[in-house]
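What follows is each chain in one-letter form.
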Amino acid sequence: GTAARNGEPRRGGPADSPFVRACRREPGPHTPVWFMRQAGRSLPEYREIRANVPMLESCRRPELVTEITLQPVRRHGVDAAILFSDIVVPVAAAGVDLDIVPGTGPVVAEPVRTAADVERISPIGRDDVSYVDEAVRRLVVELGDTPLIGFAGAPFTLASYLVEGGPSRTHAKTKALMYGDPDLWHALCARLAEVTLAFLQVQIDAGVSAVQLFDSWAGALSEADYRRFVLPHSTYVLGGLGAGVPRIHFGVGTGELLGAMGEAGADVVGVDWRTPLDVATGRIGPDKAVQGNLDPTVLLAPWPVVEAEVRRIVEQGRAAPGHVFNLGHGVLPETDPEVLTRVVALVHELTARPER
Ligand code: CP3
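Residues numbered from 1 in each chain as written. Predicted model: local features only at pLDDT ≥ 70, side-chain atom pairs only at ≥ 80, totals over all residues.

### Topic: the overall build of the chain
Okay, so step 1: Secondary structure summary: the chain contains 16 helices and nine strands in total.
Okay, so step 2: Its C-alpha radius of gyration of 19 Å places the chain within 12% of the 21 Å reference for a compact globule of 356 residues.
Okay, so step 3: By its C-alpha atoms, the chain is 60 × 50 × 40 Å across when sized along the principal axes.
Okay, so step 4: The buried share of the chain, taken over its 356 residues, is 49%.
Okay, so step 5: In the chain, 71% of the contacts between residues at least 6 apart in sequence involve partners at least 24 apart. (Helix = DSSP H or I, 4+ residues; strand = E, 2+ residues; numbered from the N terminus. Rg over C-alpha atoms; globule rule 2.2 N^0.38 Å. Buried ≥ 20, exposed ≤ 12 C-beta atoms within 10 Å, placed from the backbone. Contact = placed C-beta atoms within 7 Å.)

See below:
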């Protein structure tokens, strides 16, 4: 690209990439593609490098984070990298005793039940997550024009792990706290919002080109409860970041929440496979882009099935003012990585636009 002139933004570089352009609802050379959980167990090179390193420890080694983050970019030619980390990394940095158990997910030693438990969650700054700062700085250099996405967990999804003590299908203890002691609930979410905002700010200061706020389990709530118990906290995070880099807001099973999730301050709303992208666009409105929404299990089907679904999603995505192609949730470990590579090439081919 050419250097900045007369205060114009620099041409080329990640801020001018197809991914960032789509997030900003600007035309680009093709619809960009990346996959949630693109770095992970579907890749043999990931399984090899992770063989003797526990998950949380791997997130704290910048050279390992850099290599794992780059693996899917090299292999698939995706339009964006996502930082290799986990939503519980900042919570651990805030002093919560937890681990990530293989095959299970995050497990918290002493689940949050009282105001004293909430107060033990400390504020964090760059020094508490210096390994993330360092990894992002290395990656920005290595990636060149390919944008790096930073991320964090949203207050509801983090609160669920902290209150349940681990993964939950019903989020029963979480909802019991929310309905039974709204003041304690809001105090917990306010703490988590501070941690999340600080964690995302570290990543932005280190040079990420976009951020994604994962509220993976928000779809467990009605729209009314989402608006009352969750939206103010997620709005605090997304609003606190400002509009410097695009903000993506994602959850699973959020068909009824898509409008509210956009209102939280997102530039892009992530959509799972249950809601067609043209329908989602009607709910989200014309001033936000959408991201999604291939069912990750479709990748396990024969190629003609995958191809037909990719074509349908690309067509329905044309209704949106900007479309970032992705899955509706993370890549399953049993996915054949060659299918992911073919999906990237197919989306690029189907959406190629002549340079203007
Ligand atoms: O997307 C990427 O490639 C970036 C890496 C990433 C991880 N976790 C790495 C990881 C991201 C974006 C996350 C976010 C995350 N972590 C979410 C939100 C996204 C979503 O899936 O909804 C959630 C809910 C978590 C909590 C968590 N951490 C779960 C449910 C698991 C899976 C448990 C398992 O073993 O099946 C983890 C562990 C985890 N985080 C793994 C990876 C690659 C698997 C650990 C391993 O490889 O041993």
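### Quick look at the pairing of strand 5 (residues 210-214)
Okay, so step 1: For strand 5, a buried count of five out of five residues is recorded, marking the element as mostly surrounded by other parts of the structure.
Okay, so step 2: Across the two faces of strand 5 the burial is the same, with Ala210, Gln212 and Phe214 and Val211 and Leu213 all buried.
Okay, so step 3: The sheet contact formed by strand 4 (residues 148-153) and strand 5 spans five bridges and is parallel. Within strand 5, the position partnered with Gly150 by the bridge is Val211.
Okay, so step 4: Here strand 5 runs beside strand 6 (residues 247-250); their pairing, made up of four bridges, is parallel. Residue Val211 lies in a different strand from strand 6, and its bridge partner there is Arg247. (Pairing = 2+ DSSP bridges.)

### So, the UniProt feature "binding site: substrate" (unreviewed entry) in the chain
Okay, so step 1: UniProt's feature table lists "binding site: substrate" (unreviewed entry) at Arg37, Gln38, Ala39, Gly40, Arg41, Asp86, Tyr161, Ser216 and His329, given in the numbering used throughout. In terms of the greatest pairwise C-alpha distance, the residues named above, spread along 293 residues, do not form a single cluster, extending to 22.7 Å across.
Okay, so step 2: Looking at where Ala39 falls in the secondary structure, it is placed in the loop between helix 1 (18-23) and helix 2 (44-50).
Okay, so step 3: When sequence neighbours within four positions are dropped, the list of residues in contact with Ala39 reads Tyr46, Ile68, Thr69, Gln71, Pro72, Ile82 and Phe84.
Okay, so step 4: Examined against the element boundaries, Arg41 turns out to sit in the loop between helix 1 and helix 2.
Okay, so step 5: Looking at Arg41, the number of C-beta atoms within 10 Å reads 15, which means it is partly exposed.
Okay, so step 6: Arg41 has contacts with Tyr46, Arg47 and Pro333, leaving out every residue within four places of it along the chain. (UniProt positions renumbered as here; feature names shortened; annotations may be inferred.)

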